[in-house]
Amino acid sequence: MATIVSIGSGKGGVGKSIIAANLSMLMAKRGKRVVLADLDVGGADAHILFGMLNPPRTLTDFIDRRVARLDEVLQPISAHPFLQLLPGTGDTLATANLPYAKKRRLIRHFAQLQADVIVVDIGAGTSYHALDFFLMADHYVTVATPDPTSVLDLYRFIKLAAIRRVLSAFLSRDAVSEALSERDFSSIDEVIQAVGETDPNASEVASRTLQGFQPHLIVNRVSGKSRVNVLHLKKLLQEYVGGDLTTLGEIPDDPAVTRAVRSFLPVVECEPTAPASLALNQAADALLAAMARRVETPAEAVPEPQQAAHSPIPS
């Protein structure tokens, strides 16, 4: 079964898709069979980064059942034989607002893809789609820039993802579900307190559920004058979310990345010795090391996402 790596961000424009494309290429170069899945529903663009302007098939074909299996949508990437692309969708309002049943079917079919690693490029923001696609992974990678608004949006994204992860462990229980269905929560402590009032074992279940939620961070477009206070961010997350944050790397603000995008290639392929490429290589090695540690000590399975209509998290 493939290891799924989700890549999300609190806001758009931080270079998340570029990070996803480059990490996918680097893992393929290290001998992994990689699928880059573009689940930025409504704003897919990963195919453009590889010069595939009009993919013959996209996620829409699977969602609308024009193909029966997700692997029928996969497109080869000429830059590397071990890398395949699952082009995203967003052609119509119907696919941008994916119904819950179709989203659940899509998540279920990911387990059937033949690959070593599936890198999932998640749409930015805190919609139900973004949170549920982010949480279906084995490893969570978040991307932010040093811009203060990006860091604040990242904190909100991680906080809501943690809350949704915990709630998913309880929403299948009728009594607890009823207690939670109309509530809005701003912290994990509020969730645990609410479920504890209904279920005495809730605190222990919530703690176990959070143990596997340890997102990674990649800081993109870092310059000498702009840096993220990662220690402060980690302290906030530990205090208000209860999860840890591991930094995979800092990618410098590098004009080589822009040149690579215009060449329809990942920068690690277009200019492998550029500062951004070297930093991305280090991030890929750190991610692969984390994946190896996860295999040695597997975490508890993530509960399946519940229907948005029964979730107290605002979209």
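Within every chain, residues take consecutive numbers counted from 1 along the sequence as written. pLDDT decides what is reported in this predicted model: residues at 70 or higher carry local features, side-chain atom pairs at 80 or more are listed and counted, and totals for whole chains, interfaces and linings draw on all residues regardless. Note that water and hydrogens are dropped before the side-chain values are worked out from all heavy atoms of the structure.

The name an unreviewed UniProt entry assigns to the protein is Septum site-determining protein MinD, from the organism Nitrospira defluvii.

Visitor: I keep staring at the sheet that holds strand β6 (residues 139-144) and nothing clicks. Help me out?
Guide: Each strand in a sheet pairs with its neighbour through backbone hydrogen bonds, running either in the same direction (parallel) or in the opposite one (antiparallel). Two strands qualify as a pair provided DSSP detects at least 2 bridges between them. Each helix is a run of DSSP H or I of at least 4 residues and each strand a run of E of at least 2, with the numbering of both proceeding from the N terminus. Spatially, β3-β4-β2-β5-β1-β6-β7-β8 is the arrangement adopted by the 8 strands of the open sheet, whose pairing is mixed. For this open sheet the edge positions go to β3 (75-76) and β8 (246-252), each flanked by a neighbour on one side alone. Two elements, strand β2 (residues 34-39) and strand β4 (residues 83-86), share 4 bridges in a ladder whose sense is parallel. Within β4, the residue paired with Leu 36 across the bridge is Leu 85.

Visitor: Looking at this model, I keep getting lost on the pattern of salt bridges. Mind explaining?
Guide: Where charged atoms of side chains with opposite charge meet at close range, the side chains can pair. By definition, a salt bridge exists where a carboxyl oxygen of Asp or Glu is found within 4 Å of a side-chain nitrogen of Lys or Arg. Inspection of every chain in the model, using the stated rule, returns 12 salt bridges. One salt bridge connects Lys 102 with Asp 64, and the closest N-O pair in it is separated by 3.9 Å. Taken together, the residues Lys 102 in helix α5 (residues 100-110) and Asp 64 in the loop between α3 (59-63) and β3 connect sequence positions 38 residues apart. Taken together, the salt bridges that share partners define one network made up of Asp 61, Asp 64, Arg 66 and Lys 102.

Visitor: Just to check I follow, could you spell out the pairing of β6 for this structure?
Guide: A regular strand places its side chains so that they alternate between the two faces of the sheet. Think of it in three bands: with a 1.4 Å probe and only protein chains considered, a residue is buried below 20% of the maximum accessible area for its type, exposed above 50%, and partly exposed in between. When you tally the buried positions in β6, you get 6 out of 6 residues, the bulk of the element. The pairing of strand β1 (residues 3-8) with β6 spans 4 bridges and is classified as parallel. The residue of β6 that forms the bridge with Val 5 is His 139. In terms of strand pairing, β6 meets strand β7 (residues 216-222) through 4 bridges, oriented parallel. Among the inter-strand pairings, Ala 144 is bridged to a residue of β7, identified as Val 219.

Visitor: Even after reading the chapter, I still don't get the environment of Val 117, so can you show me in this structure?
Guide: Along the chain, the position of Val 117 falls in strand β5 (residues 117-122). Overall, the relative accessible area of 1% leaves Val 117 in the buried class. Between the C-alpha atoms of Val 117 and Thr 3, which are 114 residues apart in sequence, the distance is 4.8 Å.

Visitor: Can you walk me through a nonpolar patch on the surface in this structure?
Guide: On the surface, a cluster of nonpolar side chains totalling about 260 Å² of accessible area is made up of Ile 48, Leu 53 and Phe 264. Here Leu 53 falls in the exposed class, since its relative accessible area comes to 51%. The patches described consist of residues with a relative accessible area above 30% and no salt bridge, like charges being joined within 9 Å and nonpolar side chains (Val, Leu, Ile, Met, Phe, Trp, Tyr) within 5 Å. In short, Shrake-Rupley with a 1.4 Å probe defines the accessible areas, and a residue's cover is counted only from the protein chains shown.

Visitor: I keep staring at the nonpolar core and nothing clicks. Help me out?
Guide: One recurring pattern in soluble globular proteins: nonpolar side chains tend to sit buried together. One finds Leu 86, Leu 106, Phe 110, Ile 118, Val 120 and Phe 133 to be the most contacted residues of the largest nonpolar core, which totals 60 residues. Broken down by element, the residue count for this core peaks at 11 residues, all from helix α7 (residues 148-168). By definition in these notes, contact holds between two residues if any of their heavy atoms fall within 4.5 Å. In this structure Phe 133 touches Ser 6, Leu 39, Val 41, Leu 98, Lys 103, Leu 106, Ile 107 and Ile 122, once residues within four positions along its chain are discounted. Only buried Ala, Val, Leu, Ile, Met, Phe, Trp, Tyr and Cys residues count toward a nonpolar core, and they belong to the same one when joined by side-chain atoms within 4.5 Å.

Visitor: Teacher, can you tell me more about the side chain of Asp 132 here?
Guide: Relative to the helices and strands, Asp 132 resides in helix α6 (residues 128-135). Take Asp 132: its relative accessible area is 1%, and that puts it in the buried class. For Asp 132, the side chain forms a polar contact with the side chain of Arg 164, separated by 2.7 Å. For the purposes of these results, a polar contact is taken to be a pair of N or O atoms within 3.5 Å, where, inside protein, one atom must be able to donate a hydrogen and its partner to accept one; residues adjacent in sequence count only when each atom of the pair is a side-chain atom.

Visitor: Honestly, the environment of Arg 262 in this entry has me stumped. Any pointers?
Guide: For Arg 262, the position within the fold is in helix α12 (residues 255-262). Arg 262 sits 214 residues away from Ile 48 along the chain, and the two C-alpha atoms are 9.8 Å apart.

Visitor: Would you explain the pairing of β5 in this entry?
Guide: The buried fraction of β5 amounts to 6 of the 6 residues, a majority that puts the element mostly inside the structure. Burial of β5 is two-sided: the residues Val 117, Val 119 and Asp 121 facing one way and the residues Ile 118, Val 120 and Ile 122 facing the other way are all buried. The sheet contact formed by β1 and β5 spans 5 bridges and is parallel. Counterpart to Ile 7 in the pairing with β5 is Asp 121. Two elements, β2 and β5, share 6 bridges in a ladder whose sense is parallel. For Leu 39, the partnering residue across the bridge sits in β5 and is Ile 122.

Visitor: Teacher, can you tell me more about the packing of aromatic side chains here?
Guide: For any pair of aromatic rings, the description rests on two quantities: the centre-to-centre distance and the angle between the ring planes. Under the pairing criterion, centres of Phe, Tyr and Trp rings, with the six-membered ring standing for Trp, must be within 6.5 Å; the plane angle then separates stacked pairs below 30 degrees from edge-to-face pairs above 60, leaving the rest tilted. One pass over the full model with this rule turns up 3 aromatic pairs. Between the aromatic rings of Phe 134 and Tyr 140, the centroid separation amounts to 5.3 Å while the plane-to-plane angle is 35°, which identifies the pairing as tilted. Here the aromatic rings of Phe 134 and Phe 157 are separated by 4.9 Å at their centres, their planes lie at 70°, and the arrangement is edge-to-face. One end of the pair, Phe 134, is in helix α6; the other, Phe 157, is in helix α7, with 23 residues separating them in the sequence. Note on Phe 134: relative accessible area 0%, which makes it buried. Ring pairing ties together the aromatic residues Phe 134, Tyr 140, Phe 157 and Phe 213, which thus form one cluster. Sitting above the plane of the Phe 62 ring, Arg 105 keeps its charged end 3.9 Å from the centroid. In this analysis the charged atom, NZ for Lys or CZ for Arg, is taken to sit over a ring once it is within 6 Å of the ring centre and within 35 degrees of the ring normal.

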